[in-house]
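# Structure at a glance
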Amino acid sequence: MKAIFPGSFDPITIGHLDLIRRAAAFCEEIFVAILINPDKEGAFPLPERLDMVKSACAAFSNVRVLGFSGLLVDLARKLDTRLVIRGVRGGYDLENETAMAWANAAMLPGLETLFLPASDGLGGVSSSLVRQIARFGGDFSAFVPAGAADIVRARLHDK
Ligand code: PNS
């Protein structure tokens with residue numbers, strides 16, 4: 001089955017990459033979709049997010065990466081898939097993700113959202129944590145895929 005793995009990826013983390021790798025192992029094709037979250041002003045322009053996500057996912061033959069501005073349900077219609085995969089790191093994520101899944105299913109009946117729990121040890125990794133460490137010149141390299149570190153440093157260090 002084809003699935004969408006949507007997110008802001010601002011920037012991609014090793015937590016995202018772990019989820020993509022696990023989803024790619026049981027889905028025929030994964031569309032990693034970089035969506036604009038209207039509630040969050042992004043730190044990275046879309047082309048940089050695309051670069052980071054594409055380089056991180058290059059090794060997966062059944063993963064495609066795309067940017068999309070609009071509703072997730074419209075992307076699902078466009079890609080003709082009814083499966084969305086989202087990671088959950090704990091109770092807070094679960095509450096938010098459940099509300100999003102309900103809203104998406106209300107807008108597009110038949111759309112299913114599958115939650116994957118973060119792998120042990122990755123529940124504390126987030127894009128916001130990476131941004132904060134990077135802004136103060138700290139070492140965030142363990143939290144992002146190798147190819148993303150330079151882009152993150154160039155955009156955020158001392159900004
Ligand atoms: O990585 P994030 O910031 O948790 O991802 C959230 C995202 C981008 C998946 C979510 O905000 C989203 O789906 N945005 C697209 C607009 C949309 O469809 N909103 C309605 C969802 S209830």
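Above this text sits the structure in question.
Small disclaimer: the values here were computed from a predicted structure and weren't measured.

This brings us to the overall build of the protein chain. The helix and strand inventory of the protein chain stands at six helices and five strands. For the protein chain, the sequential pattern of α-helices and β-strands runs β-α-β-α-β-α-β-α-β-α-α. Over its C-alpha trace the protein chain gives a radius of gyration of 15 Å, about what one expects of a compact globule, namely 15 Å for 159 residues. Taken over the C-alpha atoms alone, the protein chain extends approximately 45 × 30 × 30 Å along its principal axes. Restricting the contact set of the protein chain to residue pairs at least 6 apart, pairs at least 24 apart contribute 75%. Carbon and sulfur atoms provide 55% of the accessible area of the protein chain, an area that totals close to 8300 Å². Of the side chains in the protein chain, 17 bear a positive and 18 a negative charge, and the two mean positions are spaced by 3 Å.

Turning our eyes to something else, we now look at unusual backbone geometry. Across the junction of Asp10 and Pro11, the peptide omega takes the value 5 degrees, indicating a cis bond. Counting through the fold element by element, Pro11 comes out in the loop between strand 1 (2–7) and helix 1 (14–26). Notably, Phe9 is not glycine yet its phi reads approximately 50 degrees, a positive angle. One can find Phe9 in the loop between strand 1 and helix 1. Given a relative accessible area of 1%, Phe9 falls into the buried group. With phi around 55 degrees, Asp80 is a residue other than glycine that occupies positive phi space. Following the sequence through the fold, Asp80 ends up in the loop between helix 3 (72–79) and strand 4 (83–88). For Asp80, a relative accessible area of 58% puts it in the exposed group.

Turning to the environment of Ile34, a few remarks are in order. Positionally, Ile34 belongs in strand 2 (residues 29–35). The class of Ile34 is buried, set by a relative accessible area of 0%. Those residues in contact with Ile34 that lie beyond four places of it in its chain are Gly7, Ser8, Phe9, Leu46, Arg49, Leu50, Val53, Val65, Leu66, Gly67 and Phe68.

Listed in full, the buried residues belonging to helix 3 are Leu72, Val73, Leu75, Ala76 and Leu79. Along the long axis of helix 3, the arc covered by the buried residues comes to 160 degrees, so they all point the same way. For helix 3, the secondary structure elements touched by its buried residues are strand 1, strand 2, strand 3 (63–68), strand 4 and helix 4 (91–107). Note on helix 3: the residue one or two positions beyond its end, Asp80, has a positive phi of about 55 degrees.

Looking at soluble globular proteins, one finds that nonpolar side chains tend to be buried together. Membership of the largest hydrophobic core comes to 34 residues, with the highest contact counts inside it found for Ile20, Ile30, Val32, Val63 and Ile85. Breaking this core down by element, the ones donating at least two residues are strand 1, helix 1, strand 2, helix 2 (46–57), strand 3, strand 4, helix 5 (127–135) and helix 6 (149–156). Among residues more than four places away in sequence, those in contact with Ile85 are Ala3, Ile4, Phe5, Pro6, Ala23, Phe26, Cys27, Ile30, Leu114 and Leu116. Counting 14 residues, the second largest nonpolar core, distinct from the first, contains Ala33, Leu66, Leu72 and Val84.

This next bit is on the environment of Leu72. Counting through the fold element by element, Leu72 comes out in helix 3. The exposure class assigned to Leu72 is buried, which follows from its relative accessible area of 12%. C-alpha separation for the pair Leu72 and Pro117, spaced 45 residues apart in sequence, amounts to 21 Å. Apart from residues no more than four positions distant in its own chain, Leu72 is found in contact with Ile4, Pro6, Leu35, Val84 and Asn104.

Procedures and definitions
- Each chain carries its own residue numbering, running from 1 in the written order of its sequence.
- Owing to the predicted nature of the model, reporting of local features is limited to residues with pLDDT of at least 70; listing and counting of side-chain atom pairs is limited to 80 or more, with chain, interface and lining totals taken over all residues.
- Calculation of side-chain values draws on the structure's entire complement of heavy atoms; hydrogens and water are dropped beforehand.
- Here a helix means four or more residues in a row that DSSP labels H or I, a strand means two or more in a row labelled E, and each is numbered from the N terminus.
- This radius of gyration counts C-alpha atoms alone. The globule rule is 2.2 Å times how many residues there are, raised to the power 0.38.
- Throughout, a residue-residue contact means that at least one pair of heavy atoms, one from each residue, lies within 4.5 Å.
- Computed with a 1.4 Å probe, the accessible areas rest on the Shrake-Rupley method; for each residue, only the protein chains presented here act as cover.
- Charge assignment in this entry is limited to Lys and Arg as positive and Asp and Glu as negative, and neither His nor the chain termini are counted.
- Where a charge sits is defined by one atom per residue type, namely NZ (Lys), CZ (Arg), CG (Asp) or CD (Glu).
- For each residue, the accessible area found with a 1.4 Å probe, counting protein chains only, is set against the maximum for its type, and the residue is called buried under 20%, exposed over 50%, and partly exposed in between.
- What the arc describes is the spread of directions from the helix axis to the C-beta atoms.
- The term nonpolar core refers to a set of buried residues drawn from Ala, Val, Leu, Ile, Met, Phe, Trp, Tyr and Cys, joined through side-chain atoms within 4.5 Å.

Geometric values such as these leave the question of function open.
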